[in-house]
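Chain by chain, the residues:
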Amino acid sequence: AGFTSIRFMRMFLTKFKIPVVLRFGELQLVRGDWRRYTKTLDDAIQPPQGITPIQNQNFEVGVVNIEENEDRQPIPYVLPPGIKRERLQGSTTIQQQNEQSLSVKVTDLEPGETRAVFKNTTFDIRMYKQLKMFIHAESIGVSDGVKDDELIGIVRLGSDTDNNYYQIEIPLKITPFGAQIAEDIWPELNNIIASIENFGHLKLERIDQGAAVNELFPLPVPGEPTEFRIRIKGNPNLSNIRTFMLAVKNNSFLPKSMELWFNELRVSDFDNDGSWAAIVSADANFADFADISLTGSMHTIGFGSLNQSVNERSMDELKQYGVVSNINIGQLLPRRVSLSIPVNFSYGEEFRDPKYDPQYEDVLFEKGNTNSDVSRDYTQRKSLNLINVRRNKTQFNRKPHFYDVENLSVSYLYNEIYHRDYNIQKFIDQKLRASANYNYSFQPMVIEPFKNWGLASEKDYLKFIHDFNLNLLPTSFSVNTNIIRNYNEQLSRSLVEGLPELPTLKQRNFMSVSY
């Protein structure tokens, strides 16, 4: 069944040769979100190859925390500057929660090689302004085994870890043995502070320079100074981050052994620009002839209700309106015509203008290259319905006949939806239904054979015989015919420049039902 449906656990202890006393503490299942990446991270090696067993043995991933490692040697664990432990408010006590960091320990990392851990997730960070993280680096064995800027901390975020990602690089300052204060253990120069807006700008810069999409941009240059950089490969977008990767690269000319702490990978400064929304509606009634309803609504980018989170707020500007009318055209005709012609007509349009360019998804629309008409999400709905059109009876004392036009009624229903957006150039969905109904009610021809039987009328227990009757004619005769036509047309937009237009897909369905 796997680990998804564990009902119980058993522990067996066997093969004891002498009596022993066991004292059990607490059995806990510890969740591990971060996993070791056991392949190479060198663009010159494609596809990535697995690391050797010895390299895997020299690569350890764990945690360090304030409760277990505050007396750690040679460098104790302390909270990063500005971070406070969460407090759990109890009925009689206040308990401080544990605070911990991800620990990555690598021994004998060869020059130019990288070791990484990764985590799969689903996240949208476009509504925030900055990506931040604390990083601590120290040498293993001797204090000066690793010097400043010999290690590079790497953060990758994107659709995958190999082909579509953004990469943040930062040279690391090494904490000397014996450091005690938070500012020395967590150097400010090791803090990652990346503007999220710059990720999208890097896409546009790559396009302007005509660089290849399947290569890292900007390309690493041998001998370039070690400094904070952001690079891009493939087509990642910040609206659908599927994986995070944390890594360390040896930027020196000798094998190095080091331990890194990664803490508080977070986004901050969410977009809090003002927005508004409005709704309007109006109804008009013209006696028993017609009634008309008008509705309209609009909201700007960033609007959301009070109970919505930042990522649930609107990412587009919406404008929509609709008109619905019910008209009895028969009221315009002379009374002697006595026609009932109820007509229902509705029409509506919806416009959605995105905040981000739909081609890149994490570049603001006004800075992208997509035409506004192409990026706009537009929907048009219209319908025309004539339901149960018939001639009403004017002479109720006249004997009905099977050929009376009042026995016939017809209906017509037509609905159409037109839609276009960035992916679909044209979508049309039409539904038409026409029906005719004939219904004639016969005058009953009833035979009551026991009505005049005196005995049946005198005895209560024979009353059911007295009331027995037969109707020799059917109650009614009806015929219903329906003709249904469905038409669907879709033309997808060719999103790759230079490729021919895609074919238009059409589908027609006709059906006739009579009963």
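Residues numbered from 1 in each chain as written. Predicted model: local features only at pLDDT ≥ 70, side-chain atom pairs only at ≥ 80, totals over all residues. Heavy atoms only, no water.

1. Looking at the overall build of the protein
The criterion, for reference: What counts as a helix is a DSSP run of H or I of at least four residues, what counts as a strand is a run of E of at least two, and both are numbered from the N terminus. The quantity called the radius of gyration is restricted to C-alpha atoms. Its globule counterpart is 2.2 Å times the number of residues to the power 0.38. Relative accessibility thresholds used throughout: buried, under 20% of the residue-type maximum; exposed, over 50%; partly exposed, between the two (1.4 Å probe, protein chains only). Contacts are assigned to residue pairs with any non-hydrogen atoms lying within 4.5 Å of each other. To measure how exposed things are, a 1.4 Å probe is used in the Shrake-Rupley method; for residues, cover is taken only from the protein chains shown. Residues scored as charged are limited to Lys and Arg (positive) and Asp and Glu (negative), so that His and the chain ends carry no count. For the purpose of locating charges, the reference atoms are NZ of Lys, CZ of Arg, CG of Asp and CD of Glu.
Each helix and strand in the protein was counted, giving 7 helices and 25 strands. Here the protein has a C-alpha radius of gyration of 38 Å; the compact-globule value for 515 residues is 24 Å, and the former is much larger. In terms of overall dimensions, the protein has a C-alpha envelope of 120 × 75 × 50 Å along the principal axes. Across the 515 residues of the protein, 34% fall into the buried class. Taking as baseline every contact in the protein between residues at least 6 positions apart, the subset at least 24 positions apart corresponds to 70%. Surface accessibility of the protein: about 32400 Å² in total, with carbon and sulfur atoms responsible for 53%. Averaging the coordinates of the 57 positive side-chain charges in the protein and doing the same for the 64 negative ones gives two points 9 Å apart.

2. Considerations on the nonpolar core
Heads up, the rule is: Nonpolar cores are built from buried Ala, Val, Leu, Ile, Met, Phe, Trp, Tyr and Cys residues. Side-chain atoms within 4.5 Å join them into one set.
Counting 41 residues, the largest nonpolar core has Leu 157, Ile 168, Phe 199 and Leu 260 as the members making the most contacts within it. Residue contributions to this core peak at 5 residues, all from strand 7 (residues 128-139). Ignoring any residue separated from it by four or fewer positions in sequence, one finds Leu 260 in contact with Leu 102, Ser 103, Val 104, Ile 135, His 136, Ala 137, Leu 151, Leu 172 and Val 248. Ranked by size, the runner-up nonpolar core spans 12 residues in total, among them Ile 66, Ala 179, Ala 182 and Trp 186.

3. Some words on the packing of aromatic side chains
Quick note on the threshold: The rule is short: rings of Phe, Tyr and Trp, with Trp giving its six-membered ring, pair when the centres are within 6.5 Å, and they are stacked under 30 degrees, edge-to-face over 60, tilted in between. Look at NZ for Lys and CZ for Arg. If either is within 6 Å of the ring centre and within 35 degrees of the ring normal, a charge sits over the ring.
For the coordinates displayed, the defined rule picks out 12 aromatic pairs. With 6.3 Å between their ring centres and 70° between their planes, Phe 134 and Trp 186 make a pair best called edge-to-face. With Phe 134 in strand 7 and Trp 186 in the loop between helix 3 (182-185) and strand 10 (192-195), this residue pair connects regions lying 52 residues apart in the sequence. With relative accessibility at 2%, the residue Trp 186 sits in the buried group. Between the aromatic rings of Phe 402 and Tyr 403, the centroid separation amounts to 5.4 Å while the plane-to-plane angle is 80°, which identifies the pairing as edge-to-face. Accessibility expressed as a relative area gives 54% for Phe 402, which makes it exposed. A relative accessible area of 56% places Tyr 403 in the exposed class. In this structure, Arg 36 is placed above the aromatic ring of Phe 59, and the distance from its NZ or CZ to the ring centre is 5.9 Å. Sitting over the face of the ring of Tyr 165, Arg 156 holds its NZ or CZ atom 4.0 Å from the ring centroid.

4. Some details on the sheet that holds strand 11 (residues 229-233)
Inclusion rule: Two strands make a pair as long as DSSP finds a minimum of two bridges between them. Only the stretch in contact is used when fitting a helix axis, every axis being a line fitted to C-alpha atoms; angles between N-to-C directions are given from 0 to 180 degrees.
Strand order across the open sheet formed by 6 strands is 1-6-12-8-9-11, with antiparallel pairing between neighbours. Edge positions in the open sheet fall to strand 1 (35-37) and strand 11, since each of these has one partner strand only. The average undirected angle you get between the axes of adjacent strands in this sheet is 25°. As paired strands, strand 1 and strand 6 (residues 114-123) are joined by 3 bridges and run antiparallel to one another. Bridge assignment links Arg 35 to a residue of strand 6, and that residue is Phe 118. Where helix 4 (residues 196-209) meets the sheet, its contacts fall on strand 8 (151-158), strand 9 (165-171) and strand 11, and the angle it forms with strand 11 comes to roughly 60°.

By themselves, these figures tell us nothing about what the structure is for.
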